[in-house]
Amino acid sequence: MPDTTIDSSITAEFQYGIQKHDIALVQKALAAHVSPETPVRGMHPLFVLLTSRLKPGFEHMQPEFEQKTTALIELLFAHGLKVTEPKTASEHYHNLVDQLVLAENTAATAAVVLHAIDETIREGRPVYQPDIKSLAAGQIEALQGENLPPEKMVGLVVDTVERLYNAVREKLLNPETALEKNLAAEHADKITAWTAPFNRPHVQVLVPDILRGFTPAPDAARRSGNLSREFGGGAAATPDLGEYVRQMPPKTAQQVLDEIEKDFVGLAELKTAARRLAFRASYDKVRGGDSPAAPRTYGEVIIGGEGLGKSSFAHKKAELLMTLGLAGGKYVEFNKENMAGPSVTLPPPALAAIFAKADVILLELPDPVYGGHSDAAEFTPRLMTALQMSLAGREDKPVIFITGSPATVDEMLHLNPGLKAHIATYTRLEDMDGATLSKVIDQKLGAEKLEIEPEAKALLLTALDDGKREHGKSFTNAREVESIVAKLPDALAERLFAKPPTQDMTQKEFSTVTRADVKALNIAAIIAGPNLARSRGMGFSAKL
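The rules behind the values
- Residues numbered from 1 in each chain as written.
- Predicted model: local features only at pLDDT ≥ 70, side-chain atom pairs only at ≥ 80, totals over all residues.
- Heavy atoms only, no water.
- Buried < 20%, exposed > 50% of the residue type's maximum accessible area, 1.4 Å probe, protein only.
- Helix = DSSP H or I, 4+ residues; strand = E, 2+ residues; numbered from the N terminus.
- Pairing = 2+ DSSP bridges.
- Arc of directions from axis to C-beta.
- Contact = heavy atoms within 4.5 Å.
- Core = buried A, V, L, I, M, F, W, Y, C linked by side-chain atoms within 4.5 Å.
- Salt bridge = Lys/Arg side-chain N within 4 Å of Asp/Glu carboxyl O.

A. The arrangement of the pairing of strand S5 (residues 399-404) in detail. Most of S5 sits inside the fold, with six of its six residues counted as buried. Taking every second residue as pointing to the same face, both faces of S5 are buried, with Val399, Phe401 and Thr403 on one and Ile400, Ile402 and Gly404 on the other. The pairing of strand S2 (residues 300-303) with S5 spans four bridges and is classified as parallel. The residue bridging isoleucine 303 from the neighbouring strand is glycine 404, located in S5.

Put into structure tokens, the structure is as follows:
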């Protein structure tokens, strides 16, 4: 009997091979008994394959790309992959294949459907067919509250399913593979719904029927069994959108600009862009109808190391757009904090329903390099898939902000090139130098109404420089300063009150951090384990 113990490196090769469409790597892993259902960054491998996008500049390779996708799908099925589960009276919509029917790669999806047909026949169940009513209702549910007419959404679903039917029909009428020949020859009487011309439902009849009696919320998100857990995290009801979609507090543009100037050290390029945005809005308003403005894209990507203020600044930029009337007031923000909660388990359709409600979307992509929550790291590709699902057919495009490390963001954009149409600006932030960290120290202490002696600051900067050299990428810039500044008042209080204070102690003594206070802290330990320090928000807002 073969050894079924799977080396983690082989599993990693399988996951990498699926993402990169490397047939040899996937074949090697499957031969080593890696399960064909092994999740790839939190998603079922079929979902990854069918939602992959071509690398920009390689459009001429599309036929080869699609052939590789289909070959990989066949390889997974050859090693025992299943895509259908018996349906019960209480559960209407939980086959894995149902989640893939609306994928853009029709040829590859047809290969999955052929296996679903074969699987249901072999198990003595009704031949698999996508439930157009359920798919259309799920689309309406995902985009509820939008201005898109239900007829348009249902029409798009019907068009996609018709293309799929035609592709499957062509394969069954002109079989080439062993599977296609077997279905056509041995089971011709059972697959007539697929070999006959597509019976296109009338959209005007289907829509009222869906709106009148169908409740898609529980069904569209419900799944069962191991396949379902691998695919999307188990059963889930439609999320409470109010938990994620929030309204920005009312402010003036000048208030937001003042906060940007006060709360952030450095970031000169971003600050200048924010001011110019406000000036341009005033300029366009004064010109009025003299020169109709072309539609503009305000989406932005900010990349760089930890603790540079990427997400905090993106949040302020979003506020500015709203105050200027350049974006609506509803926004969704996924960051390291709420990404580690229940939102991690939401499947793409549920996330897409959240995104569809937002005027502004802010995504802080987690980076495993920094020891982030593993579930949150796997959440990133699911987040990107859901984002693209929410944009399909949407006329009022949201403003999208994405922040993260260079490696994480570069990979995300490579796998999702369609998002680039929604991004106008790319900014890469460099790690903070000593002079910038010095300003951050002054700012943070100033917010606490404290000062620091020159010798004490020099000692602190030396410790920070040592920490940066020792910890490299895990050094989190201004967040290290936040952690240290949060503890300096403790050291100051201990020094002043370890013995009874004298009557003539001055206010300056009460508010000045000395070298002794800095030495009293174990700064090396704070830098090595910032998660053990006092909890702080993202970026480096001066409001401690």
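The discussion continues.
B. Geometry of helix H8 (residues 178-186). Buried within H8 are the following residues: Leu179, Glu180 and Leu183. Looking straight down H8, one finds its buried side chains confined to an arc of 100°; they lie on one side. Opposite the buried face of H8, at more than 90 degrees from it, the exposed residues are Ala178, Ala185 and Glu186. Contacts made by the buried residues of H8 are with helix H5 (106-122) and helix H7 (150-173).

C. Inspection of the nonpolar core at higher detail. Within the largest apolar cluster, 60 residues are counted, with the highest numbers of intra-cluster contacts made by Phe14, Leu46, Ile73, Val112, Ile117, Val154 and Val168. Not counting the four nearest positions on each side in its chain, isoleucine 117 is found in contact with Val127, Tyr128, Val168, Leu183, Ile191 and Trp194. Counting residues in hydrophobic clusters, the runner-up holds 50 residues, among them Leu257, Leu277, Leu445 and Val485.

D. Examining the pattern of salt bridges more closely. Under the criterion given, the structure shown has 18 salt bridges. Ionic pairing is found between lysine 28 and glutamate 13, a salt bridge with its closest N-O pair at 3.2 Å. Taken together, the residues span a long stretch of sequence, with lysine 28 in helix H2 (residues 23-31) and glutamate 13 in helix H1 (residues 8-20) at a distance of 15 residues. Note that aspartate 284 and arginine 280 form a salt bridge whose closest N and O atoms lie 3.0 Å from each other. One end of the pair is aspartate 284 and the other is arginine 280, both in helix H14 (residues 268-287) and four residues apart, which spans about a single turn. Taking the relative accessible area as the measure of exposure, aspartate 284 reaches 27% and is therefore partly exposed. For arginine 280, a relative accessible area of 34% corresponds to the partly exposed category. Through salt bridges with shared partners, a single ionic network connects Lys251, Glu259, Lys316 and Glu319.

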